[in-house]
Amino acid sequence: MIDKELIEKIGKDFEGYFGGPLYILDAEGNLIYGEEDFFEKKEGFLDLLVEYIEERNIYNVGEFTCYNIFHNNILFFVILLRGKEEEAKRTLLALSLLFKYMIKDASQEDYLINLLENKLPPTLISYYAEKYRINRNAKYHLVIVETENEIEDAIKIVLNIFEKKEAKILKISEDRFVVIFPHKGLEDLPQRMRTIKDMIESEGYLKNVKVAASLSSFSFDNLHLAYKEAEKALFFGKKLERERGIYLYQDYIYSEFLWGIEKEKVEEFLKNSHIGEELLKDEELMQTLNAFFRNNLNLSETARDLYIHRNTLVYRLDKVLKISGLDARKFDEALILKLAITLARLYDITR
């Protein structure tokens, strides 16, 4: 399998050695490597190439020598060199042998990992989706699961949650794997995530399992975007609500916006808001406030979420008011509290 970064490296090395411009197209006519300006000036050039789409020998189009790279009778690339002399043909043939040697069948796991890392040109995405009978027209969810140990047992447990062949599971590292499954409805995703976490912790006797995802569903070709959003959800969720364990990217978009502010400005804001070290270090109050914000300042929903009596929740919010001078039940003051807590945890500030 050849990824885009490797194609680019080959192209640059080739041009550096031979000194001539190289162009590489995929089977759909998309420019993989080369100067894009060229094709803007050569109107109709790609249409002409279509006539040679099944050509198995070196051929000429205008001022270019061209060669089609096939694998298992599937067209992968078209390589173009300026010039029609014999030297251009010999050079192109040598380069084509390099590509043919490097194109090799990948396992489904390797293919999907490269897809998540956005390393594949469209031709390879299409080729392997067909090879492994993956529906590219469907929408998918992607969930990252992180465990501290016994990851193989966790994977087996998750496989039993889904119907046969419904989910694809990829081991990313010794403490992380990914679950990919078809979209059935937005309300289904949080429940799936809760089930995954609960089953691993109860049947695998594991603690501190983290599950993260984007609430959005994605086409198969764009699963790298789903993976990126799930990674961000995991990163911000662990910083802001480590105790929760289930993180959706849409809950942390504001955190991504705040990430990158100068730490001096953050410390100045915390000082001016008078939040105080006592509040920031009180884990019980932090969990209470996070749940209260998550439930839109609704007392009853928050009490149910925390499995505590409503009066207990009111007592804790009164305690927050006493420490900080801010009433979380009032929107404007809740906003200051939310922002202060988020910034303090993002930048590991407790004073």
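Preceding block: the structure.
A brief look at the structure comes next.

### Thoughts on the packing of helix α11 (residues 263-273) against helix α16 (residues 331-346)
Thinking step 1. Their axes nearest at 10 Å, the elements α11 and α16 cross at an angle of 140°. With respect to α16, the element α11 is oriented oblique. When the axes of α11 and α16 are compared, the crossing they make is left-handed. Packed against α11, whose contacting residues are Val266, Phe269, Leu270 and Ser273, the element α16 presents Ile336, Leu339, Ala340, Leu343 and Ala344 at the interface.
Thinking step 2. Considering only residue class, the contact of α11 with α16 consists of 8 nonpolar, 1 polar and no charged.

### Comments concerning the side chain of Thr65
Thinking step 1. For Thr65, the position within the fold is in strand β4 (residues 64-71).
Thinking step 2. Contact partners of Thr65, with chain neighbours within four places excluded, come to Ile58, Tyr59, Asn60, Ile79, Leu80, Leu81, Gly83, Lys84, Ala88, Lys89 and Leu92.

### What about the side chain of Arg176?
Thinking step 1. Within the secondary structure, Arg176 is located in strand β8 (residues 176-182).
Thinking step 2. Within polar-contact distance, the side chain of Arg176 engages the side chain of Glu146 at 3.4 Å.

### Some words on helix α6 (residues 122-131)
Thinking step 1. Buried within α6 are the following residues: Thr123, Leu124, Ile125, Tyr127, Tyr128 and Ala129.
Thinking step 2. Remark: Arg133 follows α6 within two positions and exhibits a positive phi of approximately 55°.

### Brief notes about the pairing of β8
Thinking step 1. Counting buried positions along β8 gives 6 out of 7 residues, so the element sits mostly inside the fold.
Thinking step 2. Pairing between strand β6 (residues 139-146) and β8: 7 bridges, direction antiparallel. Each residue of the ladder has a partner; that of His141, found in β8, is Phe181.
Thinking step 3. Inspection of the sheet shows strand β7 (residues 168-173) paired to β8 by 5 bridges, in the antiparallel sense.

### Brief notes about the sheet that holds strand β1 (residues 22-26)
What holds strands together in a sheet is hydrogen bonding between their backbones, with the strands either parallel or antiparallel.
Thinking step 1. The strand order across the open sheet formed by 5 strands is β2-β1-β5-β4-β3, and the pairing between neighbours is antiparallel. Unpaired on one side and paired on the other, β2 (31-33) and β3 (59-61) mark the two borders of the sheet. Within the sheet, the average angular offset between the axes of one strand and its neighbour, ignoring direction, is 35°.
Thinking step 2. Relative to β4, β3 runs antiparallel, the two sharing 3 bridges.

### Details of the layout of surface pockets
Gaps left between atoms show up when a probe the size of a water molecule is rolled over them.
Thinking step 1. Of the voids in this model, the largest pocket is the one considered here, and its volume is about 430 Å³.
Thinking step 2. As for the largest pocket, its lining consists of 16 residues, and the residues nearest its centre are Arg194, Arg244, Ile246, Arg294 and Asp305.
Thinking step 3. Those elements giving two or more residues to the lining of the largest pocket turn out to be α8 (188-203), β11 (246-248), α13 (283-294) and α14 (299-306).
Thinking step 4. Sorting elements by how many residues they give to the lining of the largest pocket places α13 first, with 4 residues.
Thinking step 5. Tallied by class, residues from the lining of the largest pocket come to 6 nonpolar, 3 polar and 7 charged.

### Describing the pattern of salt bridges
Thinking step 1. All chains considered together, the criterion is met by 27 salt bridges.
Thinking step 2. Of the charged contacts in the structure, one is a salt bridge between Lys197 and Glu201, with a shortest N-O distance of 2.8 Å. Placement of the pair is Lys197 and Glu201 together in helix α8, with a separation of 4 residues, close to one helical turn.
Thinking step 3. For Glu201, a relative accessible area of 25% puts it in the partly exposed group.
Thinking step 4. Each of Glu241, Arg244, Asp251, Arg294 and Asp305 takes part in one network of salt bridges that share partners.

### Remarks on the packing of α13 against α16
Thinking step 1. The N-to-C vectors of α13 and α16 enclose an angle of 125°; their axes lie 11 Å apart at closest approach. Taken together, the axes of α13 and α16 lie oblique to each other. Here the hand of the crossing between α13 and α16 comes out left-handed. Contact residues: α13 offers Glu283, Met286, Leu289, Asn290 and Phe293, while α16 offers Ala334, Leu337, Lys338, Ile341 and Arg345.
Thinking step 2. Here the contact of α13 with α16 is built from residues that sort into 6 nonpolar, 1 polar and 3 charged.

### Comments concerning helix α15 (residues 310-324)
Thinking step 1. When the terminal C-alpha atoms of α15 are compared, their 21 Å separation across 15 residues agrees well with the 21 Å that a helix rising 1.5 Å per residue should span.
Thinking step 2. Buried residues along α15 sit against α12 (277-280), α13, α14 and α16.
Thinking step 3. Phi for Gly325, located one or two positions after α15, is positive at around 80°.

Conventions we followed
- Residues numbered from 1 in each chain as written.
- Predicted model: local features only at pLDDT ≥ 70, side-chain atom pairs only at ≥ 80, totals over all residues.
- Heavy atoms only, no water.
- Axes fitted to C-alpha atoms, helices over the stretch in contact; angles between N-to-C directions.
- Helix = DSSP H or I, 4+ residues; strand = E, 2+ residues; numbered from the N terminus.
- Parallel < 35°, antiparallel > 145°, perpendicular 65-115°, else oblique.
- Left-handed = near helix turned anticlockwise from the far one by under 90°.
- Contact = heavy atoms within 4.5 Å.
- Nonpolar A, V, L, I, M, F, W, Y, C, P; charged D, E, K, R; others polar.
- Polar contact = N/O pair within 3.5 Å; in protein donor to acceptor, adjacent residues only side chain to side chain.
- Buried < 20%, exposed > 50% of the residue type's maximum accessible area, 1.4 Å probe, protein only.
- Pairing = 2+ DSSP bridges.
- 1 Å grid on protein atoms, 1.4 Å probe; cavity = no way out; pocket = protein on both sides within 12 Å on 5 of 7 lines; lining within 4 Å.
- Points joined across faces, edges and corners; volume = space filled by probe spheres on them.
- Salt bridge = Lys/Arg side-chain N within 4 Å of Asp/Glu carboxyl O.
- Expected span 1.5 Å × (residues − 1).

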